[in-house]
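Chain and residue survey
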Amino acid sequence: MVNNNLELNINTLINYTLKMFDKSQEILEDSVNSMITKDVKKAKGISEKDDEIDTLRDYIRDRSIELMALKQPMAKDLRFIYALESICLELERIGDYSVNISVEVIKIGKEEYIKELIDIPKMKDICIDMIKDAKRALEQRDEELAYNTALKDDLVDKLYDVIYEHTLKVMHEKEVNIDQGVTMLFVARYLERIGDHITNICEKIIYALRGDMIEIG
C-alpha cells in the first residue's frame, strides 16, 4: 500500500467503497420492499438515495485519479486502485437498477398483483446476501469468500427463469394481465442484472488481491 501519512490513500478509498456497499444494499432493500408493500411513496423516494450513491462514486473516481497522478503507485497498489474504481462503477449500476425497479412499482401502484410475489423477494434476499458477503470479502481480503459469493448468482438466474415461465403463463391466461406481467418481468430482469454486477464485483476483488482476472459462472 501507499505510505500511511498520505491523506489520499487506498484505505480511504476502501472505506468510501464500503459506504457504497451499504448504500447499495439499502436502496435495493427499499425498492423491492416498496413493491412488496405497495408503498408508492417510498418508491418515489428511491431516486434520492441513488443520488447519494452517485456522489460517492464521483468522489472515489476523482480520488483514484488524483492518487494515481500524484503518487504514481507501483503495480500492486495500482491494481487495487483500479479494482476499487471498477467496483464502485458496479455498485452505481446496482443503484440504477434499484431506481428502475421503483419506476415499475410506481406504474403498478395499488393494483392487485396478477400473481403472488414469492420469487421476486427471494431474488432480492439472495442479492442482499451477496452484497453483504462481497463487502465482507473486500474488508477481510478474502478471495475464497469473494469466489463463493459470485457462485450464488446461479440461484438468482434460476429464480429469474421460474418467474419468466410463470409470468408468461399468467399473461397468456388473460389479456388484462399483460401490462402488469411485462412490469413483473422487468423487475425480475433488473434483479438478475444486479446479481451479475455483484459477480463482477467479486471478480474485481479477486483481481485486486491476487492479480488474476477471472470470469466466474
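Residues numbered from 1 in each chain as written. Predicted model: local features only at pLDDT ≥ 70, side-chain atom pairs only at ≥ 80, totals over all residues. Heavy atoms only, no water.

If you look at the biggest cluster of nonpolar residues, it comprises 62 residues, and the most contacted ones within it are F21, L28, M35, I101, I120, L191 and I194. For this core, the elements supplying multiple residues, two or more each, are α1 (10-36), α3 (46-71), α4 (75-108), α5 (119-140), α6 (143-151), α7 (153-173) and α8 (178-210). When residues no more than four places from it in sequence are discounted, the contact partners of I194 are L28, I94, Y97, S98, I101 and C127. (Core = buried A, V, L, I, M, F, W, Y, C linked by side-chain atoms within 4.5 Å. Buried < 20%, exposed > 50% of the residue type's maximum accessible area, 1.4 Å probe, protein only. Helix = DSSP H or I, 4+ residues; strand = E, 2+ residues; numbered from the N terminus. Contact = heavy atoms within 4.5 Å.)

Below, the discussion takes up the side chain of Q180. Mapped onto the elements of the fold, Q180 is located in helix α8. A distance of 3.0 Å separates the side chain of Q180 from the backbone oxygen of E112, its partner in a polar contact. A polar side-chain atom of Q180 sits 2.9 Å from the main-chain amide nitrogen of I114. Discounting residues that sit within four places of it in the chain, Q180 has contacts with I108, E111, E112, Y113 and I114. (Polar contact = N/O pair within 3.5 Å; in protein donor to acceptor, adjacent residues only side chain to side chain.)

This part covers the UniProt feature "domain: PhoU" (unreviewed entry) in the protein. Per the UniProt record, "domain: PhoU" (unreviewed entry) is found at residues 18-102 and 120-205. Its end C-alpha atoms 24 Å apart, residues 18-102 is made of 92% helix and 0% strand. Between the first and last C-alpha atoms of residues 120-205 the distance is 27 Å; the span itself is 92% helix and 0% strand. (UniProt positions renumbered as here; feature names shortened; annotations may be inferred.)

With that out of the way, let us pick up the state of the cysteines. Two cysteines, two sulfur atoms, one covalent bond between them: this is a disulfide. With the rule as written, the count across this model stands at zero disulfides. No disulfide involves C88; its nearest neighbouring cysteine sulfur is the one of C202, lying 14 Å away. On the basis of relative accessibility, which here comes to 0%, the residue C88 falls in the buried class. Note on C127: no disulfide assigned, nearest cysteine sulfur contributed by C202 at a separation of 11 Å. Residue class for C127 comes out buried when judged on its relative accessible area of 0%. (Disulfide = S-S within 2.5 Å.)

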